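Analysis of the macromolecular model
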Amino acid sequence: MKGSATNTFGILTSGGDCPGLNAAIRGVAKAAYGLYGMKIIGINNGFKGLIEDDTGILKPEDFSGILTRGGTILGTSREKPFGKVKDNDFSVDMKLDAIKENYKKNNLDCVVMLGGNGSHKTAALLKEQGLNIIGLPKTIDNDIYGTDITFGFHTAVDIATEAIDRLHSTAHSHNRVMIIEVMGHNAGWLALYSGLAGGGDVILIPEIPYHMDSIKDHLKNRAKSGKQFSIVVVAEGALSYEEYKMDKKQLKQKRKDPGYQSKAYELAKDIEDKTGMDVRISVLGYLQRGGTPSPYDRVLATQFGTVAAELLYKGEYGNMVAREKDDIIAKPLEEIAGKLKPVPQDHILLKNARMVGTCFGD
Ligand code: F6P
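What you see is a predicted model; the values in this text were computed from it and never measured.

Take the overall build of the protein chain next. Within the protein chain, the secondary structure is distributed over 13 helices and 11 strands. Whereas a compact globule of 362 residues would reach a radius of gyration of roughly 21 Å, the protein chain reaches 22 Å, a difference of no more than 12%. Summarising its shape, the C-alpha atoms of the protein chain cover approximately 75 × 45 × 30 Å along the three principal directions. Here the protein chain holds 362 residues, and 54% of them are scored as buried.

Here's what the structure looks like:
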């Protein structure tokens, strides 16, 4: 379209998938194609597709009817072009040369990248190399610095909360402690929100190292007050105080031990040993990343997508689209790159949860 800084752009999805990716792709594509007449090159399987020129023109029929679809029509990968080279891998320079060559070969004016923390780090590095990139923040973890929320998070909270609701009845019927492990390696947003929404009695997040004695006392006091069952919501990245004191290498070693399955299993054994209570486990895993996005995420993803199309039109490259209070704005990639957004120790939700008697293990 006359006046558009962008005639042709590539679009890719990188990192873990999440509900809302296709809604965001649709938002960018419908606006860019329908409003501004841009040509859209779909790049398959994340940055891997850019390295291998695994691309194809996206036509209206490709991005129509995908608003409610889970996953990503483009496929994704965790390819990190600047990451440490594995033995049978191309060197970083070779990958970078291939990216620049394919960027030019497809006559791209920009690449729109839907990704999480690691992918935005890659986007910032590619910006330094002179490529035009626009990032859209996606992840069920909601741990991307610089945006109040990422699409995928709200749907995952819905899924986890529904699971917690279901666990209450079986825990109550059997007088058991039910542990539900949710995703969130580095940040506990998903455990915090779903734990509060689902009435979790204990919520364990990576940001608050837990003491087994504190959990034991809480569960015992509940039993004394007549509540013979409890719900424990634990983020997969939650740390005991002992783990918190370990250095990265020691912690990695511990998690690699063949006997270690996941945090929920370790916690179940510790609770049984400390309390003698009957404990069961549910690891929610990839259910939190699957299926159709919630209406909230469909709206948010569409907002992010259409704002990205405006940035393409104006030629405002090198930014990540972000939600700040009620506004959708653009933030320079270098301000975001590689920064995490953990749950702050003074976050209001922690206070709200403690006020209704939730134990965080501290
Ligand atoms: O980053 C989102 C996430 O779902 C994390 O919560 C989870 O730990 C990780 O991805 C799983 O990664 P993968 O899909 O590579 O197994």
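Our focus in this paragraph is a positive patch on the surface. A contiguous patch of positive charge, built from R78, K80, K84, K86, K121, K252 and K256, is present on the exposed surface. One can find K84 in the loop between β3 (55-57) and α3 (92-105). Assessed through its relative accessible area of 78%, K84 is described here as exposed.

So, about the site of the ligand. All residues adjacent to the ligand are R78, T139, I140, D141, M183, G184, H185, E236, Y286 and R289. Here an oxygen atom of the ligand and a side-chain polar atom of D141 are 2.8 Å apart. Within the side chain of Y286, one N or O atom sits 2.4 Å away from an oxygen atom of the ligand. Computed on the free molecule, the ligand has an accessible area of 390 Å², of which 73% lies beneath the protein chains in the complex. In this structure, the ligand is accommodated by the largest pocket. In the shell around the ligand, the residues fall into 3 nonpolar, 3 polar and 4 charged. Two domains each donate at least three residues to the shell around the ligand, and these are domain 1 (8-151 + 293-336) and domain 2 (154-289).

With that out of the way, let us pick up the nonpolar core. By size, the foremost hydrophobic cluster in this structure holds 67 residues, and its most contacted members are F9, I11, I134, L136 and F151. A domain-level breakdown of this core finds at least three residues from each of domain 1 (8-151 + 293-336) and domain 2 (154-289).

Here the focus is the sheet that holds strand β9 (residues 279-283). Think of a sheet as strands paired side by side through backbone hydrogen bonds, with each pair either parallel or antiparallel. Reading across the sheet, the 4 strands line up as β7-β8-β6-β9 and stay open at both edges, with parallel pairing between neighbours. Strands with a single pairing partner mark the edges of an open sheet, and in this sheet they are β7 (202-204) and β9. Between one strand axis and the next, the sheet turns by 15° as a mean value, whatever way the strands run. Direction of pairing for strand β6 (residues 177-182) relative to strand β8 (residues 230-235): parallel, over a ladder of 6 bridges. Bridge assignment links V182 to a residue of β8, and that residue is A235. Strands in contact with helix α6 (residues 189-197) are β6, β7 and β8; relative to β7, the strand with the most contacts, it is inclined by about 170°.

With that out of the way, let us pick up the domain arrangement of the protein chain. If you check the domain split of the protein chain, you get domain 1 (8-151 + 293-336) and domain 2 (154-289). Look at where the C-alpha atoms of domain 1 and domain 2 centre, and you get two points 33 Å apart. At the interface, 13 residues of domain 1 touch 12 residues of domain 2. Looking at the side of domain 1 facing domain 2, the largest losses of area belong to D17, I140 and D141, adding up to 44% of the total buried there.

A few words on the packing of helix α1 (residues 21-35) against helix α11 (residues 295-314). Taken N-terminus to C-terminus, the directions of α1 and α11 make an angle of 35°; their axes are 7 Å apart at the nearest point. Here the hand of the crossing between α1 and α11 comes out right-handed. Here A23, A24, R26, G27, V28, A31 and A32 of α1 come into contact with α11, specifically with R298, A301, T302, G305, T306, A308, A309 and L312. Its residues assigned to classes, the contact of α1 with α11 comprises 9 nonpolar, 4 polar and 2 charged.

So, on to the packing of aromatic side chains. According to the stated counting rule, one finds 6 aromatic pairs in the structure shown. Ring centres of Y33 and F63 lie 5.9 Å apart, and the angle between their planes is 65°; on these two criteria the pair is classed as edge-to-face. Of this pair, Y33 sits in helix α1 while F63 sits in the loop between β3 and α3, and the two are 30 residues apart along the sequence. Residue classification places Y33 among the partly exposed positions, given a relative accessible area of 40%. Each ring, one from Y241 and one from Y244, has its centre 5.9 Å from the other, and the planes form 40°; the classification is tilted. Taken as a pair, Y241 and Y244 lie in helix α8 (residues 241-245) at a separation of 3 residues, close to a single helical turn. Given a relative accessible area of 32%, Y241 falls into the partly exposed group. Here a set of aromatic residues connected by ring pairs shows up, and it is made of F153, W189 and Y193.

How each quantity is defined
- Residues numbered from 1 in each chain as written.
- Predicted model: local features only at pLDDT ≥ 70, side-chain atom pairs only at ≥ 80, totals over all residues.
- Heavy atoms only, no water.
- Helix = DSSP H or I, 4+ residues; strand = E, 2+ residues; numbered from the N terminus.
- Rg over C-alpha atoms; globule rule 2.2 N^0.38 Å.
- Buried < 20%, exposed > 50% of the residue type's maximum accessible area, 1.4 Å probe, protein only.
- Patch = residues over 30% accessible without salt bridge, like charges linked within 9 Å, V, L, I, M, F, W, Y side chains within 5 Å.
- Areas by Shrake-Rupley, 256 points an atom, 1.4 Å probe, with all protein chains shown as cover.
- Salt bridge = Lys/Arg side-chain N within 4 Å of Asp/Glu carboxyl O.
- Lys, Arg positive; Asp, Glu negative; His and termini not counted.
- Charge placed at Lys NZ, Arg CZ, Asp CG, Glu CD.
- Near = heavy atom within 4 Å.
- Polar contact = N/O pair within 3.5 Å; in protein donor to acceptor, adjacent residues only side chain to side chain.
- 1 Å grid on protein atoms, 1.4 Å probe; cavity = no way out; pocket = protein on both sides within 12 Å on 5 of 7 lines; lining within 4 Å.
- Sits in = over half its atoms within 2 Å of the grid points.
- Nonpolar A, V, L, I, M, F, W, Y, C, P; charged D, E, K, R; others polar.
- Domains from an automatic or database assignment.
- Core = buried A, V, L, I, M, F, W, Y, C linked by side-chain atoms within 4.5 Å.
- Pairing = 2+ DSSP bridges.
- Axes fitted to C-alpha atoms, helices over the stretch in contact; angles between N-to-C directions.
- Contact = heavy atoms within 4.5 Å.
- Buried area = accessible area lost by both parts, 1.4 Å probe.
- Left-handed = near helix turned anticlockwise from the far one by under 90°.
- Phe/Tyr/Trp six-rings, centres within 6.5 Å; stacked < 30°, edge-to-face > 60°.

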